[in-house]
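Observations on the three-dimensional arrangement
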Amino acid sequence: MDVRKIRDLLKRGELSLPEITDGYLETIEQANTEINAFISVDSSGAKSRASEIQKRVEKGEAGPLAGLVLGIKDIISEKGKTTSCASGILKTFESVYDATVIHKLRDADALILGRLNMDEFGMGSSNENSIYGPVRNPHNQKAVPGGSSGGSAAAVAAGMCNAAIGSDTGGSVRQPASYCGVVGLKPTYGRVSRYGLVAYASSFDCIGPITSTVDDAATLLHAIAGFDPHDNSSSEKPVPDYTKQMKEEYTLKVGVPAEYFGEGLDDEIREMINGKLEQLERDGKVELQPITLPHMKYNIATYYILATAEASSNLARFDGIRYGHRTDYPSLKEEYFSERKELEQSIRESSGQERETLSKELEKLDSLLVRVYKKSRTEGFGEEVKRRIMLGTYVLSAGYYDAYYAKAQKVRRLIRQDFMDAFREVDVIVSPTAPTTAFDLGSNIEDPVQMYLNDVYTTSANLAGICGISVPAGTHSNGLPAGVQFMANAFEEGKMLKAAYLTEQLQ
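In this report, the structure presented in the accompanying data block is examined. Remember, predicted model here, so these are calculated numbers, not experimental data.

Attention shifts here to the overall build of the protein. Scanning the protein from N- to C-terminus turns up 17 helices and 11 strands. Here the protein has a C-alpha radius of gyration of 24 Å; the compact-globule value for 507 residues is 23 Å, and the two agree. Overall, the protein is about 90 × 55 × 45 Å in size when its C-alpha atoms are taken along their principal axes. Long-range contacts, defined here as pairs at least 24 residues apart, represent 77% of the contacts in the protein between residues at least 6 apart.

Dropping the structure here:
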């Protein structure tokens, strides 16, 4: 049931939130051992909060999300909870504050069950890069759930919660939603505050909902969207009523780019999507219009150059000294900082040979610290994160900056311009969410290029800063779900949700 139906039952007294919560906790206990979506569950806290919200429901004072039971991707800060980003380098880190999105959810009386598994630091397309082990697809446990928000999508698909919050840097909400047969929404960059989201690539990262229905996605987006003074990139544009917008009556102009339906796309997925579009056109709901996006062939290369560059910069803060994993290096003394301070003072007060000797001692102390940095990061980061840090450092290095990073920024502008030109003619753009259904666990782990190509249809929305949503398109002959993606111009989520809602109604 969607949130509206649950709220109606709560108001009529036919259902109580403690009952709903107990049901989800029971499902987690039964299914999570196999699926591995939740990495921690706060059962006592959830039950206590369910009772509090239930009292407000009975008094008619409950918030708009009362009845919504969800999980949070382990990359979003929750005060007092471990925020590990599924990484060894943060496995013991406890957040000291709540992300803005957490504040908004709680203010709206949503109930949070626990933390969800993910690819380490959001880097991956299969949820196999996690210190907690891989997440399994509820439709076929031999298959991946997608990534990096694979735990979020799998939890909703398996009925462990009726919604989840994920993050999307290059498709990390939409692609797992497609693989798991649920709805995944990436809002416009700046629509939802990133305050409290551990950064992967700051100019790409977005927080978005994963739900079982489009209506729930619209409801949840409305609750978490809006300006935040803690986030300089958040927009001051008013937040509209998305549920109302998506049900407005008008013929939607849908752009169909040839670049998204060519070589590399599974034939059955192409037929599913074309079938949906043709039916919508016959019913007079949409008007299909061929368009072209000439720079789409550069999507993957541009995205991975820019995203890895930002990742190498953002992840430099994890040094094993200030917080996070620190290697058990025997020569490292807890008194390092006080010892260094004393040495610096002694150098200032000395001269001649004594000063030279003390300076060499200081150099030796600093070289030891560098070794601790290296060993801590080597132990703390996983293989995929190391790969992306190295790629990013390479494209930012002297001699390669102009050849790769600067050129990729120019291509990003061209990709954005392609979309701006298209949106002068159409309301939304349609594409597959992923080129195939979920692949088998382990089948692409040794082939990073093939893994990256799973994001070929989703990265463009992040590059352009526009919004996108994946909604189920049907079931493949292999028994796995596939999704269709709709993208709309910046801050036009209502049009995108309308296209998704119309598609959902065909099922």
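Let us keep going from here.
With mixed pairing, 11 strands are arranged side by side in an open sheet as β1-β3-β2-β4-β6-β5-β10-β11-β9-β7-β8. Of all the strands in the sheet, just β1 (38-41) and β8 (286-291) have a single pairing partner and so form its edges. Averaged over all pairs of adjacent strands, the angle between their axes in this sheet comes to 30°, without regard to strand direction. Packing against the sheet, helix α5 (residues 150-157) makes contact with β1, β2 (69-73), β3 (111-116), β4 (163-168) and β6 (206-211), and its axis sits at approximately 160° to β4.

Taken as a whole, this structure holds 22 salt bridges when the rule is applied. Here the salt bridges share partners, and the residues they tie into one network are Asp-74, Glu-78, Asp-98, Arg-106 and Arg-115.

In this section: the environment of Arg-348. For Arg-348, the position within the fold is in helix α11 (residues 336-349). Residue Arg-348 is classed as exposed on the basis of its relative accessible area, which comes to 56%. Side chain to side chain, Arg-348 and Gln-345 meet in a polar contact 2.7 Å long.

Tallied over the entire structure, the rule returns 15 aromatic pairs. Pairing Tyr-179 with Phe-439 gives two aromatic rings, centres 6.1 Å apart and planes at 90°, and the pair type is edge-to-face. Of this pair, Tyr-179 sits in helix α6 (residues 174-180) while Phe-439 sits in the loop between β9 (428-432) and α15 (448-452), and the two are 260 residues apart along the sequence. As far as burial versus exposure is concerned, Tyr-179 and Phe-439 are alike and both buried. When the centroid spacing of 6.0 Å and the interplanar angle of 50° are considered together, the rings of Tyr-394 and Tyr-404 count as tilted. Here Tyr-394 is found in helix α13 (residues 383-396), whereas its partner Tyr-404 is found in helix α14 (residues 401-422), with 10 residues between them in sequence. Judged by relative accessible area, which is 38%, Tyr-394 ranks as partly exposed. Taken together through their ring pairs, the aromatic side chains of Phe-93, Phe-121, Phe-318, Tyr-323 and Phe-381 make up a single cluster. The residue whose ring lies beneath Arg-412 is Phe-204, and the NZ or CZ to ring-centre distance is 4.1 Å. Above the face of the Tyr-250 ring, Lys-498 is positioned so that its terminal group lies 4.7 Å from the ring centre.

This part covers α14. Note: α-helices contain 3.6 residues per turn, so residues at a spacing of three or four share the same orientation. Taking 1.5 Å per residue as the helical rise, α14 with its 22 residues ought to reach 32 Å, and the 31 Å between its terminal C-alpha atoms agrees with that figure. Looking at α14, one finds that the buried residues are Tyr-405, Ala-406, Ala-408, Val-411, Arg-412, Ile-415, Asp-418, Phe-419, Met-420 and Ala-422. Looking at the buried positions of α14, the neighbouring elements they touch are β8, α10 (299-314), α13, β9, α16 (459-464) and β11 (481-488).

Rules of the game
Residues numbered from 1 in each chain as written. Predicted model: local features only at pLDDT ≥ 70, side-chain atom pairs only at ≥ 80, totals over all residues. Heavy atoms only, no water. Helix = DSSP H or I, 4+ residues; strand = E, 2+ residues; numbered from the N terminus. Rg over C-alpha atoms; globule rule 2.2 N^0.38 Å. Contact = heavy atoms within 4.5 Å. Pairing = 2+ DSSP bridges. Axes fitted to C-alpha atoms, helices over the stretch in contact; angles between N-to-C directions. Salt bridge = Lys/Arg side-chain N within 4 Å of Asp/Glu carboxyl O. Buried < 20%, exposed > 50% of the residue type's maximum accessible area, 1.4 Å probe, protein only. Polar contact = N/O pair within 3.5 Å; in protein donor to acceptor, adjacent residues only side chain to side chain. Phe/Tyr/Trp six-rings, centres within 6.5 Å; stacked < 30°, edge-to-face > 60°. Lys NZ or Arg CZ within 6 Å of the ring centre and 35° of its normal. Expected span 1.5 Å × (residues − 1).

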